[in-house]
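Observations on the three-dimensional arrangement
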Amino acid sequence: MSKTVDLSVKIGDVTLKNPFIVGSGPTVKNLDQIRAAEDSGWAGVSMKLVIDPEPYISLPPRYRWLKKKGYNIFSAEKRLTTGEGLKLLEEARKIVKDIALIPNLTYDGPDPEGWGRLAKQFEDAGSDIIELNMCCPNMSFNTETTGDSSVQLTGASLGKEPEALKEIVEIVKDSVSIPVLVKITPEGGEIAKSARACIEAGADAVGGTASRLGIPDIDIRNPMGTIFRLQSNITLGCLSGPWIRPLALRDIYEMRSLLGPNPTLLNSGGIHDLQSAVEHIMLGADALWICTETMLRGFAWLPKLIDELKQYMSDMSYNKISDFRDLLLQNIKAAKDLKIDEGYAVVDLDRCTSCGLCWKIGHCTAITHPVKVTTIKSKTCMGCSTCVDICPTSAITMVKKGDTE
Ligand SMILES: Cc1cc2nc3c(=O)[nH]c(=O)nc-3n(C[C@H](O)[C@H](O)[C@H](O)COP(=O)(O)O)c2cc1C
Ligand code: SF4
Ligand code: SF4
C-alpha cells in the first residue's frame with residue numbers, strides 16, 4: 001500500500017490536484033471531451049487553440065501516427081474562432097466542478113493590446129488560467145519557413161522572440177487577474193531565454209516544447225505524393241509523441257537551469273507513462289501537458305498512471321512533487337566533466353549463437369570470429385558497448401576494469 005502523497009501543484013493562486021493537464025489539441029475541442037477528462041481525474045484541460053480575429057489557417061485535420069517510428073505528425077488542423085472558444089468555455093464552466101479550464105489563445109490583430117482584450121474576454125467567461133499560445137509551429141512559423149511572409153506573426157514565430165513575449169505578457173498581465181501561463185516554442189533554439197522573458201514580464205508559469213516542425217516520411221517511389229491520406233501534397237508537419245521526448249527533456253532542463261527553482265514550469269513532449277512523466281519532473285517540470293497519448297488512448301488511462309505515481313513516490317519516500325523535481329539537474333555534467341570508467345566487453349559463449357551480428361560492427365576491431373567462435377580482445381576493446389545493444393541473445397556484457405568478470 002502506498003502512503004498518502006501530495007500530487008498537487010500550484011499555478012499562481014490556482015491549485016491543480018495533480019500535475020496532469022490535457023495538452024491543447026484535438027482532444028479538448030468539445031464538451032464531451034472535457035467532461036471525460038474530468039471523470040478520469042485530469043487536473044486541467046488546455047482547450048483547443050482560439051485565434052482572434054480569425055483562424056487564418058484552419059483546415060480539416062490530417063494526422064499520421066507512425067507507431068514504429070514513435071511519432072505523430074499533423075499537416076492540417078482546425079482551430080477555434082473566438083466565438084466557438086467562448087461558447088465552449090461558458091458551457092464547460094456550467095458543468096465542471098473539479099478540473100481547471102485553461103483556454104489556449106492567440107491574437108492575430110494589428111495592435112498588441114488585442115492580446116489583453118482577448119484574455120479578458122476569456123477571464124470573464126470563466127477561465128481558471130489563461131494560456132498564451134506562443135508555440136504553434138504550424139501557422140506563421142510554417143509559412144515563414146516555406147517562404148511566405150504574408151501573415152501576422154503568431155505561435156512559434158513569437159515564442160522565439162523574447163522582446164515580443166515580454167511586451168505581450170505584460171499587456172495580458174495588466175488585463176486579467178487570473179494566472180497567466182505561457183506556452184513557448186524551442187524552435188528558435190533558445191527556449192530558456194524566451195522562458196526568462198515571460199517570467200520577468202510577470203507570467204505566473206511558463207512551459208514548453210509543444211510540437212516541432214518537420215518533414216513527414218516520404219514515399220520515394222512516389223515523391224510527389226504524400227503519406228497523408230486525403231491530401232494531395234505536403235507541408236512541414238508538427239511532430240509530437242515519444243520521438244520528441246529527448247528534445248523536450250533538454251528544453252525543460254535548459255529552462256529550469258536558467259530560471260532556478262522558483263518559477264512554475266510546465267512541459268510536454270512524449271509523456272505517456274510513469275517513466276516519461278517522472279523524467280520531465282526530475283528535469284524541472286511542475287506540471288505536464290499530455291496531448292498525443294490522449295489522441296491515441298483517450299483519457300481513462302490516467303487513474304492507473306496516478307496510482308503508479310503515488311506508489312513510486314511512496315517507494316522513493318517522496319511526499320510531494322517538489323521532493324523530486326529538479327533532481328536530475330545535479331547529475332547532468334558539462335561534457336568536459338564527464339567521468340568515464342575503464343572497461344571492456346566479454347562474451348558468454350554459452351549464450352552466443354554465432355549469429356555474426358557483432359562481427360560486422362564497423363568501428364570495432366576487438367571482435368573476431370576464428371572458426372565462428374566470437375572472441376573479444378579486451379585490450380583492443382574501447383568499451384563503447386555497441387555490441388551489447390546489437391546482440392540478440394544478451395551474450396555480451398560490459399565489465400568495469402578491476403571488477404571480476
Ligand atoms: C494534433 C495536434 C494539435 C495540437 N494543437 C495544439 C494547440 O492548439 N495549441 C497548443 O498549444 N498545442 C497544440 N498541440 C501541441 C500539444 O499540446 C503538445 O504540446 C505537443 O503535442 C507535445 O506533447 P505530446 O507529445 O504529449 O503530444 C497540438 C498537438 C497535436 C498533436
Ligand atoms: S564494446 Fe565496442 S569496442 Fe568493445 S567489443 Fe563491443 S563494439 Fe567492440
Ligand atoms: S551478436 Fe551475440 S549471438 Fe551474435 S555472434 Fe555476437 S555475441 Fe554471438
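Some details on the overall build of the protein chain
- When its secondary structure is counted, the protein chain shows 12 helices and 20 strands.
- Judged by the C-alpha coordinates and their principal axes, the protein chain covers about 75 × 60 × 40 Å.
- Here the analysis covers contacts within the protein chain between residues at least 6 apart in sequence; of these, 71% occur between residues at least 24 apart.

Some points on unusual backbone geometry
- Cis rather than trans, the peptide bond between Asp52 and Pro53 has omega equal to 5 degrees.
- Relative to the helices and strands, Pro53 is located in the loop between strand 5 (50-52) and strand 6 (62-66).
- Unusually for a residue other than glycine, Ser394 sits at a positive phi of about 55 degrees.
- Tracing the backbone shows Ser394 in the loop between helix 12 (386-390) and strand 20 (396-400).

A closer look at helix 6 (residues 162-175)
- Taking 1.5 Å per residue, 14 residues should reach 20 Å; helix 6 reaches 20 Å between its end C-alpha atoms and fits that length.
- For helix 6, the full list of buried residues reads Leu165, Ile168, Val169 and Val172. Buried residues of helix 6 fall within an arc of 100 degrees about the axis and therefore sit on the same side. Turned more than 90 degrees away from the buried face of helix 6 sit Glu163 and Asp174, all of them exposed.
- Buried residues belonging to helix 6 abut helix 3 (113-124), strand 10 (130-134), helix 5 (156-159), strand 11 (180-184) and helix 7 (191-200).

Digging into the domain arrangement of the protein chain
- Segmentation of the protein chain into domains returns domain 1 (9-331) and domain 2 (340-400).
- Summarising the inter-unit geometry, the C-alpha centres of domain 1 and domain 2 are found 44 Å apart.

With respect to the packing of helix 7 against helix 8 (residues 245-259)
- Remark: helix 7 packs on helix 8, axes separated minimally by 8 Å, with the N-to-C direction vectors making an angle of 50 degrees. Judged by the angle between their axes, helix 7 and helix 8 are oblique. In this structure, the crossing between helix 7 and helix 8 has a hand that is right-handed. For the pair helix 7 and helix 8, contact is made by Ile191, Ala192, Ala195, Arg196 and Ile199 and by Asp251, Glu254, Met255, Leu258 and Leu259, respectively.

Comments concerning the sheet that holds strand 7 (residues 71-76)
- In spatial order, the strands read 6-7-14-13; together these four strands make up an open sheet with antiparallel pairing. With one partner strand each, in any of the chains shown, strand 6 and strand 13 (212-214) form the two edges of the open sheet. Between one strand axis and the next, the sheet turns by 30 degrees as a mean value, whatever way the strands run.
- Here three bridges tie strand 7 to strand 14 (residues 237-240), and the two strands are oriented antiparallel to one another. Note on strand 14: the bridge partner recorded for Asn72 is Ser240.

Examining the site of ligand 3
- By nearness alone, 14 residues border ligand 3, and Cys352, Cys355, Leu357, Cys358 and Cys391 come closest of all.
- Across the shell around ligand 3, the residue classes break down as nine nonpolar, five polar and no charged.

Structural notes on the site of ligand 2
- Around ligand 2, 13 residues are found, and the nearest of them are Cys364, Ala366, Cys381, Cys384 and Cys387.
- Residue composition of the shell around ligand 2, by class: 10 nonpolar, three polar and no charged.

Some details on the sheet that holds strand 16 (residues 287-290)
- Pairing in this open sheet of 10 strands is parallel, and the strands run 5-9-10-11-12-15-16-3-4-8 from one edge to the other. The sheet is open, and its two edges are formed by strand 5 and strand 8 (100-102), each paired on a single side. Strand-to-strand, the axes of this sheet are offset by a mean angle of 25 degrees, without reference to chain direction.
- Both strand 12 (residues 205-208) and strand 15 (residues 264-267) contribute to a ladder of four bridges, which runs parallel. Looking at the pairing, Gly208 lines up with Asn267 of strand 15.

A closer look at helix 9 (residues 274-282)
- Every buried residue of helix 9 is accounted for by Ala277, Val278, His280 and Ile281. Buried positions in helix 9, seen along its axis, are confined to an arc of 160 degrees and lie on one side of it.
- Where helix 9 is buried, its residues touch helix 8, strand 15, strand 16 and helix 11 (302-315).

Some details on the environment of Ala76
- Relative to the helices and strands, Ala76 resides in strand 7.
- According to the C-beta neighbour criterion, Ala76 is partly exposed, with 18 such atoms within 10 Å.
- Put simply, Ala76 and Ser240 are 164 residues apart on the chain and 14 Å apart in space, counted from C-alpha to C-alpha.
- In this structure, Ala76 is in contact with Leu59, Pro60, Pro61 and Arg62, ignoring residues within four places of it in sequence.

Considering the pairing of strand 10
- Burial of strand 10 is extensive: five of the five residues sit out of reach of the surface.
- What you see with strand 10 is no split at all: Ile130, Leu132 and Met134 on one side and Glu131 and Asn133 on the other are buried throughout.
- In this structure, strand 9 (residues 104-107) lies alongside strand 10, joined through two bridges in parallel fashion. Bridging across to strand 10, Leu105 finds its partner in Leu132.
- Note that the unit made of strand 9, helix 3 and strand 10 has a crossover that is right-handed.
- Note: strand 10 against strand 11, five bridges, orientation parallel. Looking across to strand 11, one finds that Met134 is bridged to Ile184.

With respect to the pairing of strand 9
- Residues Asn104 and Thr106 point to one face of strand 9 and Leu105 and Tyr107 to the other, with burial holding for every one of them.
- For strand 5 and strand 9, the ladder comprises three bridges, and the chain directions are parallel. In the strand pairing of strand 9, Asp52 is matched with Tyr107.

The rules behind these values
- Residues numbered from 1 in each chain as written.
- Chains lettered and ligands numbered in written order.
- Predicted model: local features only at pLDDT ≥ 70, side-chain atom pairs only at ≥ 80, totals over all residues.
- Helix = DSSP H or I, 4+ residues; strand = E, 2+ residues; numbered from the N terminus.
- Contact = placed C-beta atoms within 7 Å.
- Expected span 1.5 Å × (residues − 1).
- Buried ≥ 20, exposed ≤ 12 C-beta atoms within 10 Å, placed from the backbone.
- Arc of directions from axis to C-beta.
- Domains from an automatic or database assignment.
- Axes fitted to C-alpha atoms, helices over the stretch in contact; angles between N-to-C directions.
- Parallel < 35°, antiparallel > 145°, perpendicular 65-115°, else oblique.
- Left-handed = near helix turned anticlockwise from the far one by under 90°.
- Pairing = 2+ DSSP bridges.
- Near = placed C-beta within 6 Å.
- Nonpolar A, V, L, I, M, F, W, Y, C, P; charged D, E, K, R; others polar.
- Right-handed = clockwise from strand over helix to strand, strands pointing away.

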